[in-house]
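So you can see what is in the structure, the chains are spelled out below.
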Amino acid sequence: QVQLVQSGGGLVQPGGSLRLSCAASGSLFAINLNGWYRQAPGKQRELVAGFTRGGGTNYSDSVRGRFTISRDNAKLTMYLQMNNLKPGATAVYSCHAARGPLYDSWGQGTQVTVSS
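Counting restarts for each chain: residues are numbered from 1 in the order of the written sequence. Note on the predicted model: pLDDT of at least 70 is required for a residue's local features to be given, and 80 or more for side-chain atom pairs to be given and counted; whole-chain, interface and lining totals, by contrast, use all residues. Calculated side-chain values reflect all of the structure's heavy atoms, with hydrogen atoms and water omitted.

Trainee: Hey, could you run me through the nonpolar core in this one?
Mentor: Burial of nonpolar side chains together is a common tendency in soluble globular proteins. If you look at the biggest cluster of nonpolar residues, it comprises 29 residues, and the most contacted ones within it are Phe-67, Leu-80, Met-82 and Tyr-93. Note on contacts: a residue pair qualifies if any of its non-hydrogen atoms lie within 4.5 Å across the two residues. Residues contacting Phe-67, with those up to four places away along its chain left out, are Arg-38, Val-48, Tyr-59, Leu-80, Gln-81, Met-82, Asn-83, Leu-85, Ala-89 and Tyr-93. Each nonpolar core is a collection of buried residues, namely Ala, Val, Leu, Ile, Met, Phe, Trp, Tyr and Cys, held together in the definition by side-chain atoms within 4.5 Å. Buried, partly exposed and exposed residues are distinguished by accessible area as a fraction of the type maximum, computed with a 1.4 Å probe on protein chains only: under 20%, between the cut-offs, and over 50%, respectively.

What follows is the structure, encoded as C-alpha cells:
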C-alpha cells in the first residue's frame, strides 16, 4: 500500500499563488509520483500536470505557463506550484502515483478556491 498525503491549497484571490504538496509513504518500491488532477463541480476529473515516461512534463492548455509540476525523488514528494490563479481553477486537486499498470494510489484531495 502507498499512502499519498497532500498539503497546501485553500482560498486565494484571482492572480494569487498556491503550492500543493504530495508526500508518499508506505510500500514505495517502483512507485512513480506522476501527476496532478483536478475535478470541478459538475465536471469530470482532468489531468492538470504530469510527468512523461521520459521524465519530461506536460500540462493542460488551461494552465500551461502558470503552473509548474516538480518532484523531489529523495523526499518522495511531488509539488504543484500554481501562479496567476484564475477562478476557473477552483476545484479539488488530487495527486496520483502508480506502480506499472496494475497499481495506483490517490491523495486525499485538496480544495483550491479562487475567488475575490
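Trainee: What should I look at first to understand the pattern of salt bridges in this one?
Mentor: Between side chains of opposite charge, pairing is possible as soon as their charged atoms come close. For this analysis, a salt bridge means a side-chain nitrogen from Lys or Arg found within 4 Å of a carboxyl oxygen belonging to Asp or Glu. Under the defined criterion, the tally for this structure stands at 2 salt bridges. The salt bridge partner of Glu-46 is Arg-38, with a shortest N-O separation of 2.7 Å. Here Glu-46 falls in the partly exposed class, since its relative accessible area comes to 33%. Arg-38 sits in the buried class, given a relative accessible area of 7%.

Trainee: Explain the state of the cysteines to me, please; I cannot follow it from the model alone.
Mentor: In protein chemistry, a disulfide is the covalent bond that joins the sulfur atoms of two cysteines. Any two cysteine sulfur atoms lying within 2.5 Å of each other are counted as a disulfide. On inspection of all chains with the given rule, the structure shows 1 disulfide. There is a disulfide in this structure between Cys-22 and Cys-95, and the S-S distance comes to 2.1 Å. Judged by the sign of its S-S torsion, about 70 degrees, the bond between Cys-22 and Cys-95 is right-handed. In this pair, Cys-22 is assigned in strand S3 (residues 18-26) and Cys-95 in strand S9 (residues 91-99), connecting sequence segments 73 residues apart. Think of it this way: any DSSP run of H or I at least four residues long counts as a helix, any run of E at least two long counts as a strand, and we number them from the N terminus.

Trainee: In this structure, what is going on with the pairing of strand S8 (residues 77-82)? I would like to understand it.
Mentor: In regular strands, side chains alternate between the two faces of the sheet. S8 sits mainly inside the fold: 5 of its 6 residues count as buried. The turn joining strand S7 (residues 67-72) and S8, which pair antiparallel and follow one another in sequence, is formed by 4 residues; a positive phi near 50 degrees is taken by Leu-76. Any two strands between which DSSP finds at least two bridges are classified as paired.

Trainee: How do you make sense of the packing of aromatic side chains when you look at a structure like this?
Mentor: We describe a pair of aromatic rings using the distance from one ring centre to the other and the angle between the two ring planes. A pair of aromatic rings is counted whenever rings of Phe, Tyr or Trp (Trp by its six-membered ring) have centres within 6.5 Å, and the orientation is called stacked for planes under 30 degrees apart, edge-to-face for over 60 and tilted otherwise. Evaluated as defined, the whole model comprises 1 aromatic pair. Here the aromatic rings of Tyr-37 and Trp-106 are separated by 5.1 Å at their centres, their planes lie at 70 degrees, and the arrangement is edge-to-face. Residue Tyr-37 is found in strand S4 (residues 32-39), and its partner Trp-106 is found in strand S10 (residues 103-106); the two are separated by 69 residues along the sequence. When the ring centre of Trp-106 is taken as reference, the NZ or CZ atom of Arg-45 above it lies at 3.8 Å. Whether a charge sits over a ring comes down to the Lys NZ or Arg CZ being within 6 Å of the ring centre and within 35 degrees of the ring normal. In this structure, Arg-71 packs its charged tip against the face of Phe-51, placed 3.9 Å from the ring centre.

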